[in-house]
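Structural features, examined
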Amino acid sequence: MSMSGRMAMSEPIRRLELFTGDGPRWTWSDEEKAAIVAESDGPGTSISAVARRHRLSASQLFTWPRASRQPSG
């Protein structure tokens, strides 16, 4: 048995690291968002592929058109 296997069986967890995602944040102008949404509207286009190309999640891309239709203020 490996050393880590023995330790895992006999030692309780004493430290837990939690990564909160404090990496770089990306911001897009309204014009950039509109262009990305338009790119994702093409026939046979993969929303996930468009999202990955622009470093955002597919769920985020789905919310942008809705947000642009809501009145501000």
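Note: the structure precedes this text.
Description of the structure in this document. Values in this document were obtained by computation on a predicted structure and should not be read as measured data.

Turning our attention to the overall build of the protein chain. The helix and strand inventory of the protein chain stands at four helices and zero strands. Overall, the protein chain shows an N-to-C arrangement of helices and strands of α-α-α-α. With 73 residues in all, the protein chain has 12% of them scored as buried. A separation of at least 24 residues holds for 36% of the contacts in the protein chain among residues at least 6 apart in sequence.

This model, assessed by the stated rule, comprises one salt bridge. Put simply, Arg 53 and Glu 39 hold a salt bridge, and the shortest N to O gap is 2.7 Å. Separated by 14 residues along the polypeptide, Arg 53 in helix 3 (residues 47-53) and Glu 39 in helix 2 (residues 30-40) bring together distant segments of the chain. The exposed category is assigned to Arg 53, whose relative accessible area is 53%.

Grouped together as the largest cluster of nonpolar side chains are eight residues: Trp 28, Ile 36, Val 37, Val 50, Ala 51, Leu 56, Leu 61 and Trp 64. Those elements giving two or more residues to this core turn out to be helix 2, helix 3 and helix 4 (58-69). Among all residues touching Leu 61, those that are not within four sequence positions of it are Ile 36, Val 37, Ser 40, Ile 47, Val 50, Ala 51 and Leu 56.

Attention now moves to helix 2. Each full turn of the α-helix corresponds to 3.6 residues, which orients residues three or four apart in the same direction. By the burial criterion, the buried members of helix 2 are Ile 36, Val 37 and Ser 40. All buried residues of helix 2 project into a common sector of 100 degrees when viewed along the axis, lining one side.

With the rule as written, the count across this model stands at one aromatic pair. Plain terms: the ring middles of Trp 28 and Trp 64 are 5.2 Å apart, the flat faces sit at 65 degrees to each other, and that makes the pair edge-to-face. Residue Trp 28 is found in the loop between helix 1 (3-10) and helix 2, and its partner Trp 64 is found in helix 4; the two are separated by 36 residues along the sequence. The exposure classification of Trp 28 matches that of Trp 64, with both residues buried.

The rules behind each value
- Residues numbered from 1 in each chain as written.
- Predicted model: local features only at pLDDT ≥ 70, side-chain atom pairs only at ≥ 80, totals over all residues.
- Heavy atoms only, no water.
- Helix = DSSP H or I, 4+ residues; strand = E, 2+ residues; numbered from the N terminus.
- Buried < 20%, exposed > 50% of the residue type's maximum accessible area, 1.4 Å probe, protein only.
- Contact = heavy atoms within 4.5 Å.
- Salt bridge = Lys/Arg side-chain N within 4 Å of Asp/Glu carboxyl O.
- Core = buried A, V, L, I, M, F, W, Y, C linked by side-chain atoms within 4.5 Å.
- Arc of directions from axis to C-beta.
- Phe/Tyr/Trp six-rings, centres within 6.5 Å; stacked < 30°, edge-to-face > 60°.

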